[in-house]
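# Structure at a glance
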Amino acid sequence: MYIYSFDGFDGKKESSRALLARAIDMFSVDAELAVRVPGEELVEKIVTGEHGKPSIPDWYEFSVSHTGDVWAVLFAGSPCGLDIQYAKECNASRIAERFFAEEERAKIAEDPENFWPIWTRREAAVKAIGSTVTGSIPSVLGEEIELEGKGYSLFDIELLGEHEGMYAAACIEGFPDTVNYYRL
């Protein structure tokens, strides 16, 4: 599992695609891929699934997320999801009541600070299976979760750099041998 992050993202789609191409080029070297296709060429092949999950046919799995000026991508050999979020004002209890499992709602009732870590884990899980937050998934409080009959691992992650108030999580089918972090 390889995670690349970038500070200074301007929020534009073109910038995201350029960062993805750059990350693909770095991943090809870092993962010592036998066949290296230029990132710009692969980005042009992106297709989207039913709920908007991007993929590149016959290539590695990936998941992109951004918040504020931070952009990140996760590459893996199996279905994966990544979510990063800066904490912001919201009606956490109302959102939790609508989307979260019962034990997750109890954690938020204990301490409202638990909202964003749970939110990013849920987002990472639904991204891994190409679903939406409105889809029904079990609690994400543990390190493992079953989604669509398959076992997935959940991780709270910290991106490289200074990101006060940011939460990040990854979800991947199976269990990765290593987690590699890089900055673009």
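Everything numeric here is computed off the predicted structure, so don't read it as measured data. (Residues numbered from 1 in each chain as written. Predicted model: local features only at pLDDT ≥ 70, side-chain atom pairs only at ≥ 80, totals over all residues. Heavy atoms only, no water.)

### Side note on the packing of aromatic side chains
What the rule picks out here adds up to 15 aromatic pairs. On the numbers, 5.8 Å between centres and 65° between planes, the contact of Y4 with F75 is edge-to-face. Here F75 lies in strand β5 (residues 70-76) and Y4 lies in strand β1 (residues 2-7), a separation of 71 residues in the sequence. Note on accessibility: Y4 and F75 belong to one class, buried. Note on Y4 and Y182: the rings are 5.0 Å apart at their centroids and 15° apart in plane angle, and the pair reads as stacked. Taken together, the residues span a long stretch of sequence, with Y4 in strand β1 and Y182 in strand β10 (residues 180-183) at a distance of 178 residues. Relative accessible area serves as the criterion here: at 0%, Y4 is assigned to the buried category. What links up through ring pairs into an aromatic cluster is the set Y2, Y4, F27, W59, Y60, F75 and Y182. (Phe/Tyr/Trp six-rings, centres within 6.5 Å; stacked < 30°, edge-to-face > 60°. Helix = DSSP H or I, 4+ residues; strand = E, 2+ residues; numbered from the N terminus. Buried < 20%, exposed > 50% of the residue type's maximum accessible area, 1.4 Å probe, protein only.)

### So, the pairing of strand β4 (residues 61-67)
Direction of pairing for β4 relative to β5: antiparallel, over a ladder of seven bridges. By the bridge assignment for β5, V64 is matched with V73. With antiparallel pairing between neighbouring strands as the criterion, β4 and β5 make up a hairpin whose turn holds two residues, including G68 at a positive phi of roughly 55°. (Pairing = 2+ DSSP bridges.)

### So, the layout of surface pockets
Estimates place the volume of the largest pocket at around 420 Å³. If you list the elements that add at least two residues to the lining of the largest pocket, you get α1 (13-30), β4 and α5 (115-129). Along the lines of polarity and charge, the residues of the lining of the largest pocket split into eight nonpolar, nine polar and five charged. Looking at the second largest pocket, its volume works out to about 200 Å³. Residue lining of the second largest pocket: A87, K88, E89, C90, A92, P112, E113, F115, W116 and Y167, and that is the complete set. Broken down by class, the residue content of the lining of the second largest pocket amounts to seven nonpolar, no polar and three charged. (1 Å grid on protein atoms, 1.4 Å probe; cavity = no way out; pocket = protein on both sides within 12 Å on 5 of 7 lines; lining within 4 Å. Points joined across faces, edges and corners; volume = space filled by probe spheres on them. Nonpolar A, V, L, I, M, F, W, Y, C, P; charged D, E, K, R; others polar.)

### A word on the sheet that holds strand β9 (residues 166-173)
An order of β6-β9-β8-β7 is seen for the four strands of this open sheet, with the pairing classed as antiparallel. Sheet topology places β6 (80-86) and β7 (144-147) at the edges, where each strand pairs with a single neighbour. Neighbour-to-neighbour, the strand axes of this sheet turn through a mean angle of 25°, independent of strand direction. Summarising the sheet, strand β8 (residues 150-156) and β9 pair through five bridges and their orientation is antiparallel. Across the sheet, residue D156 finds its bridge partner in β9, namely A169. Where α5 meets the sheet, it contacts β6, β7, β8 and β9, and its direction lies at approximately 150° from that of β6. (Axes fitted to C-alpha atoms, helices over the stretch in contact; angles between N-to-C directions. Contact = heavy atoms within 4.5 Å.)

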